[in-house]
Every structure is written in structure tokens, then in C-alpha cells.
Amino acid sequence: MAGLVSAGGTFALWNGSGTSAAGAITSGNLDIEILGESWTETSPDVDAAPQEIDPDTFLVRQGDTFLVSYEVRTELQGENMLGELSVGWDQAADLPAGVSGEYLLLDGDDAPLMTAPAPLGTATTIADALDTDDAGRTDTFTLQVELDTAGLDDRFGPGSTQVLTDLGQITVALDQVRTGEGFQ
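As the structure is a computational prediction, the values presented were derived from the model and not from experiment.

A word on the overall build of the chain. When helices and strands are counted, the chain shows 0 helices and 14 strands. When the elements of the chain are put in sequence order from the N terminus, they spell out β-β-β-β-β-β-β-β-β-β-β-β-β-β. Relative to its full complement of 184 residues, the chain shows a buried share of 30%. Counting only contacts in the chain whose residues sit at least 6 apart along the sequence, the fraction spanning at least 24 positions is 72%. For the chain, the accessible surface area stands at approximately 11,400 Å², while carbon and sulfur atoms represent 47% of it.

Structure, rendered in C-alpha cells:
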């Protein structure tokens, strides 16, 4: 949090003396943090599913499905503070042929904030802005990425694909909005 402080001073008045109190102008707070990541196998033909997995050691076979979840916390504080949440890619997802993926952003109650899942690599801005006041607000969101390997070729043999899940560089951003409802 940054602040600008106005220095107080003593002024000579026409018929006496007095003091002026210092005034403070404080900026708002806008913060976002990734709290954690989890990988879950969700394959319908696996008795143990859903089960947490380590993507570095899990051996994928054709038809496996996965859910990758990123928990994100946002913090906003300050008068006239309006935030906009978005999902984008600094580096595009690079999935091998036959592997498809889409994502969905959920609120703290696991309600979708998007009308439908979007393909990996497609940027989305959440329509409902987050607004706050001096008391502030903290929200938790979940970014869910679903992967499906139904069209994956046979992984056995010298020409088989080694890396199956390059999701790229996902960016979840919280930006201050300078106009619109809630901004004065």
C-alpha cells in the first residue's frame, strides 16, 4: 500500500495564531496470489478416480481425463476501487495431437463465472467487476483446466510423444478498472 502525506504547518492569521492538521491521502490495495495447484485424474473407467496425481510421474494412456485446479486469492481495498479478473496466456498451451483442453473460472462457492468453458489459450475477462471500499474484500477463485486424451495416439514405440501436458504460461490477472459502475 502506498501513501502520500501532506505536511501540516503553522500559519499566521490576521489576529492570532493556529495550526492546521496534516491530511493523509492513501491509495487502495490491489493484490492477487496463487495459493496452490492440484492435479486429479478423473477418468471414468478408473475405479480409484477421482484421485490426486503427480503430473511429473503419472503415466498417461489414451482416454485418460484430468482436472487441474489453481486456487487464486484476490484482495481489494480502498474507495473507488474496482477490479477486473481475467485469464490469459503469456505462452500458448502446446498439447500434442489428440489431447484437448478447456478451462473454467469458479467463485469461492464453486459457481461458474463464465457462461461456458473456454478452449485453452483463449483469453477471458470476467464480466462482473469486483468492487470494494475502505474496509476491503478478499475473494478466492478456482481456475479449473480439464484435459482429455481420448484422441491420443498409441504412446508406445520410439516415436511416441513424451510430454503430454504443456499448458503454457497461464496468467490470472486482477486489474484496476478506471471507469464504470462503482467508480467515481
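Attention now goes to unusual backbone geometry. That bond from Ala 49 to Pro 50 is cis: its omega, 0°, falls within 30 degrees of zero. Looking at where Pro 50 falls in the secondary structure, it is placed in the loop between strand E5 (29–41) and strand E6 (51–52). For Asp 110, which is not glycine, the phi torsion reads 65° and is therefore positive. Tracing the chain through its elements places Asp 110 in the loop between strand E9 (100–106) and strand E10 (118–119). Owing to a relative accessible area of 54%, Asp 110 belongs among the exposed residues under this scheme.

What follows concerns the environment of Thr 171. Within the element layout of this structure, Thr 171 appears in strand E14 (residues 169–176). Along the primary structure Thr 171 and Ser 86 are separated by 85 residues, whereas in three dimensions their C-alpha atoms are 8.0 Å apart. Those residues in contact with Thr 171, other than ones at most four positions away along the chain, are Ser 86, Val 87, Gly 88 and Asp 90. Side-chain polar atoms of Thr 171 contact the side chain of Asp 90, separated by 3.1 Å.

According to the stated counting rule, one finds 5 salt bridges in the structure shown. Note that Glu 33 and Arg 73 form a salt bridge whose closest N and O atoms lie 2.6 Å from each other. Taken together, the positions of Glu 33 in strand E5 and Arg 73 in strand E7 (residues 65–77) put the pair 40 residues apart, joining distant regions of the chain. By relative accessible area, Glu 33 is classed as partly exposed at 34%. Its relative accessible area of 26% is what places Arg 73 among the partly exposed residues. Of the charged contacts, one joins Arg 73 and Glu 75 as a salt bridge, the two residues approaching to 3.7 Å between their closest N and O atoms.

In globular proteins that are soluble, nonpolar side chains generally tend to be buried together. Core analysis: the largest hydrophobic core is formed by 31 residues, its most contacted members being Tyr 103, Leu 105, Leu 143, Val 145, Leu 147, Leu 167 and Ile 170. Elements supplying a minimum of two residues to this core: E7, strand E8 (82–91), E9, strand E13 (137–148) and E14. Among the elements that line this core, the one with the most residues is E7, at 5 residues.

We now examine the packing of aromatic side chains. Summed over all chains, the structure comprises 2 aromatic pairs. With centroids separated by 5.5 Å and ring planes inclined at 85°, the aromatic side chains of Phe 58 and Phe 66 adopt a geometry described as edge-to-face. The exposure class assigned to Phe 58 is partly exposed, which follows from its relative accessible area of 24%. Here the aromatic rings of Trp 89 and Tyr 103 are separated by 5.2 Å at their centres, their planes lie at 55°, and the arrangement is tilted. Separated by 14 residues along the polypeptide, Trp 89 in strand E8 and Tyr 103 in strand E9 bring together distant segments of the chain. The buried category is assigned to Trp 89, whose relative accessible area is 15%. The class of Tyr 103 is buried, set by a relative accessible area of 0%.

Parameters and conventions
- Residues numbered from 1 in each chain as written.
- Predicted model: local features only at pLDDT ≥ 70, side-chain atom pairs only at ≥ 80, totals over all residues.
- Heavy atoms only, no water.
- Helix = DSSP H or I, 4+ residues; strand = E, 2+ residues; numbered from the N terminus.
- Buried < 20%, exposed > 50% of the residue type's maximum accessible area, 1.4 Å probe, protein only.
- Contact = heavy atoms within 4.5 Å.
- Areas by Shrake-Rupley, 256 points an atom, 1.4 Å probe, with all protein chains shown as cover.
- Polar contact = N/O pair within 3.5 Å; in protein donor to acceptor, adjacent residues only side chain to side chain.
- Salt bridge = Lys/Arg side-chain N within 4 Å of Asp/Glu carboxyl O.
- Core = buried A, V, L, I, M, F, W, Y, C linked by side-chain atoms within 4.5 Å.
- Phe/Tyr/Trp six-rings, centres within 6.5 Å; stacked < 30°, edge-to-face > 60°.

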